[in-house]
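The residues making up each chain are set out below.
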2 protein chains.
Amino acid sequence: MKKLIFLTLFIMGISQAKSLEQKPLVIASQGSFFVGGSVLKNDEGKSFHGDHAYVYYQKPMNAKKLPIVLLHGIHQATKTWESTPDGREGYANIFLRRGFSIYNFTTPRRGNASRSLDEALIKPVFDEESWFVKWRIGIYPNYFKGVQFSKDKESLNQFLRQITPNIGKIDFELNTNILANFFDELKGGIMMAHSQGVMHTWKLLPKTKNVKAVIALEGGGYFSFVKRPQTEASEGVEYIMVDEKTFKSFTKMPILLIYGDNIPTTKSNVPELDIWRIRLDLAKKWANAVNEAGGDVSLIHLPELKIYGNTHFLMSDLNNVEIADLISEWLKEKGLDK
Amino acid sequence: MKKLIFLTLFIMGISQAKSLEQKPLVIASQGSFFVGGSVLKNDEGKSFHGDHAYVYYQKPMNAKKLPIVLLHGIHQATKTWESTPDGREGYANIFLRRGFSIYNFTTPRRGNASRSLDEALIKPVFDEESWFVKWRIGIYPNYFKGVQFSKDKESLNQFLRQITPNIGKIDFELNTNILANFFDELKGGIMMAHSQGVMHTWKLLPKTKNVKAVIALEGGGYFSFVKRPQTEASEGVEYIMVDEKTFKSFTKMPILLIYGDNIPTTKSNVPELDIWRIRLDLAKKWANAVNEAGGDVSLIHLPELKIYGNTHFLMSDLNNVEIADLISEWLKEKGLDK
């Protein structure tokens, strides 16, 4: 095993701040706290607090009624929504500027919520080249033509360092129980979820009435059906079967699904890409099924709007403001931006 | 082993925000980035980026010339400086309000910088009762009389959940190399460090000329001497011996050491407390030694100013604004708040 020391120190924040000609952010309050969690006691009665979630929040002056809860995907934490890998503003800033209170959520056993009741052996995993393809930046080491990802070396370096391990198993029940209580305490909020965060959302919706809208960026699994869909997707992973009552919970709020570019239209021999063809097809079938049951699901496949080159990380892509504009339009149309 | 489920959901941020009658924060820019780190390659040439630090920054309008770098202690990350356990503003907000740019730093292998080149088996450690005493909140489960720590159950719950594991060894050389480069890129900054962050600072100062001042909150070790001090402290842990040139690096900037209350004045039979008697004595000897060599070290032991009840976590204690005022006075006196 070779170790390549590579002590970079291009400080995005320092260089970037100079070039930003943005209006200042006016924040009424900001801070952080933990939600949920358990206490484990050993035989001597000594205690261990763990399995909580971490939330960093910012509230603008005159905030809109419904806050946005930001929920990261697999291997990610709050960083997903902060500065982009090339140092521009992420959705934590952008939607704050647009008047929403922001709750940037980290699921238990990760990041600032790493104190885990589960045990884990954490060691280097050489998976980055594979994520580069799965996250549709390109076929490693080549970038897709016109990809909305900065090709300078430092941006990829920053992006890969966003990856952060889970300390133990990813427990959907644990995570969504905490999320459900959190939305109940908020007395209503908009879920903006990415990737595995979208999988969490489908598990969450049957547990609370307080998710008032869902913005699902590149969701990958746990699409729920009452009637088995015609799909190449595998049951139990990409989709699950639920009862009618559970399914009804998906019809109670407006839902926006967004998918990016470079999703194959016919069977691809690159499995990391082909799975996105299957997922997009499944998402369309799910949207139809929910709408037939009285729901309100919109699906945007960006290339159909002539928006090209988006990766799996829409919210930090080079055109993330353009995508944010689409989201804002939808929020307005649904009356969610009051 | 008994598991006590304890699904709390007192959301500090929500309840707190209502009661705050603060002026809004006006922020010129904010975001996050990674600094430093290595790339490990396996035999197949596949890569793993790890051992970077994570930094969250906020810059106020018309920021003062020197930013403040916040460096957490053992088992802590950025949360240390954000909201206090009882939901008030921490030093990340307070010094931002006072006009300083803030860089809230997480050392490699922790929190949002958890991708580690080291291997680690992470599992529950039943150490909380011991930290309660070491961090001088009281003799568990009793609080010290007059302690500056909110005695409601939820505050302790929030406080204990701040604890977050290190993914692998704490590597002082790795961490301080990254910090030194970071201060060099900043072209000057003020280090505000807590506990083990102070130990990092003494290892850092010989590596850069760009730490322009040090605010050391409850530092515990690696005090450096040329001439062996008369102390009960153990060499190699609480203090180390260095050459004259290294020692000189401590004389190049103003340094403020602050210690709280409930430090025994005579030998105590509670070792978790007695160590603080030894450390405070050592800190005084170190301050004298650095000053004799031409340095500018001030030491505040709060009870000597009739400020009582402070724990090891001065920056989040109930009187944290009063302590911040002392720090601001010192910054002003040293011309560091321009």
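Look a little higher up for the structure.
Note that the coordinates shown come from a computational prediction; the quantities given were computed from them, not determined experimentally.

Considerations on the environment of B:Thr78
Thought 1: Along the polypeptide, B:Thr78 turns up in the loop between strand 6 (68-71) and helix 2 (91-97).
Thought 2: On the basis of relative accessibility, which here comes to 2%, the residue B:Thr78 falls in the buried class.
Thought 3: Residues B:Thr78 and B:Tyr143, 65 residues apart in the sequence, show an inter-C-alpha distance of 26 Å.
Thought 4: When sequence neighbours within four positions are dropped, the list of residues in contact with B:Thr78 reads A:Tyr54, A:Asn112, B:Tyr54, B:Asn104 and B:Thr106.

Quick notes on helix 6 (residues 196-204) of chain A
Residue pairs spaced three or four apart in an α-helix point in one direction, given the helix's 3.6 residues per turn.
Thought 1: The element helix 6 of chain A is extensively covered by neighbouring structure, given that 8 of its 9 residues are classed as buried.
Thought 2: Turning to helix 6 of chain A, its buried residues are A:Gln196, A:Gly197, A:Val198, A:Met199, A:His200, A:Thr201, A:Trp202 and A:Leu204.

Some remarks on a positive patch on the surface
Thought 1: Residues A:Lys209, A:Lys245, A:Lys248 and A:Lys252 make up a contiguous surface patch of positive charge.
Thought 2: The residue A:Lys252 is located in the loop between helix 7 (244-248) and strand 15 (254-259) in this model.

Thoughts on the nonpolar core
A general feature of soluble globular proteins is that nonpolar side chains tend to end up buried together.
Thought 1: Membership of the largest hydrophobic core comes to 92 residues, with the highest contact counts inside it found for A:Tyr91, A:Phe95, A:Ile327, B:Tyr91, B:Phe95 and B:Ile327.
Thought 2: Apart from the residues lying within four places of it in its own chain, the contact partners of A:Phe95 are A:Ile68, A:Phe100, A:Ile102, A:Met192, A:Ala324, A:Ile327, A:Ser328 and A:Leu331.

Thoughts on the relation of the copies chain A and chain B
Thought 1: When chain A is brought onto chain B, the operation consists of a screw motion whose angular component is 180° and whose axial shift is 0.0 Å, with 0.0 Å RMSD remaining. Here the copies are linked by what is in effect a two-fold axis.
Thought 2: A shared interface surface links the copies, since 100% of the contact residues of chain A are contact residues in chain B too.

Thoughts on the side chain of B:Gln148
Thought 1: Locating B:Gln148 in the fold gives a position in the loop between strand 10 (142-143) and helix 4 (153-161).
Thought 2: Once residues lying within four places of it in the same chain are set aside, the contact partners of B:Gln148 are B:Tyr308, B:Gly309, B:Asn310, B:Asp317, B:Leu318 and B:Asn319.

Observations regarding the interface of chain A and chain B
Thought 1: Across the boundary between the two partners, chain A contributes 87 residues, which contact 87 residues of chain B.
Thought 2: When chain A packs against chain B, the two sides together hide about 8,200 Å² of surface, and 56% of this comes from carbon and sulfur.
Thought 3: Summed over the shared surface of chain A and chain B, the number is 4 salt bridges.
Thought 4: Here chain A and chain B share 34 residue pairs in polar contact (both at pLDDT 80 or more) between them.
Thought 5: When residues in the side of chain A that touches chain B are grouped by element, the largest group, 10 residues, is from strand 2 (residues 25-35) of chain A.

Some points on the packing of helix 5 (residues 172-186) of chain B against helix 6 (residues 196-204) of chain B
All names here are of chain B.
Thought 1: Two numbers describe how helix 5 lies on helix 6: the axes approach to 9 Å, and their chain directions differ by 70°. Relative to helix 6, helix 5 is oriented roughly perpendicular. In contact with Phe-172, Glu-173, Asn-175, Thr-176, Leu-179, Ala-180 and Phe-183 of helix 5, helix 6 contributes Gln-196, Met-199, His-200, Lys-203 and Leu-204.
Thought 2: Grouping the amino acids of the contact of helix 5 with helix 6 by side-chain chemistry returns 6 nonpolar, 4 polar and 2 charged.

Basis of the calculations
- Residues numbered from 1 in each chain as written.
- Chains lettered and ligands numbered in written order.
- Predicted model: local features only at pLDDT ≥ 70, side-chain atom pairs only at ≥ 80, totals over all residues.
- Heavy atoms only, no water.
- Helix = DSSP H or I, 4+ residues; strand = E, 2+ residues; numbered from the N terminus.
- Buried < 20%, exposed > 50% of the residue type's maximum accessible area, 1.4 Å probe, protein only.
- Contact = heavy atoms within 4.5 Å.
- Patch = residues over 30% accessible without salt bridge, like charges linked within 9 Å, V, L, I, M, F, W, Y side chains within 5 Å.
- Areas by Shrake-Rupley, 256 points an atom, 1.4 Å probe, with all protein chains shown as cover.
- Salt bridge = Lys/Arg side-chain N within 4 Å of Asp/Glu carboxyl O.
- Lys, Arg positive; Asp, Glu negative; His and termini not counted.
- Charge placed at Lys NZ, Arg CZ, Asp CG, Glu CD.
- Core = buried A, V, L, I, M, F, W, Y, C linked by side-chain atoms within 4.5 Å.
- Least-squares fit on C-alpha atoms with pLDDT ≥ 70 in both.
- Buried area = accessible area lost by both parts, 1.4 Å probe.
- Polar contact = N/O pair within 3.5 Å; in protein donor to acceptor, adjacent residues only side chain to side chain.
- Axes fitted to C-alpha atoms, helices over the stretch in contact; angles between N-to-C directions.
- Parallel < 35°, antiparallel > 145°, perpendicular 65-115°, else oblique.
- Nonpolar A, V, L, I, M, F, W, Y, C, P; charged D, E, K, R; others polar.

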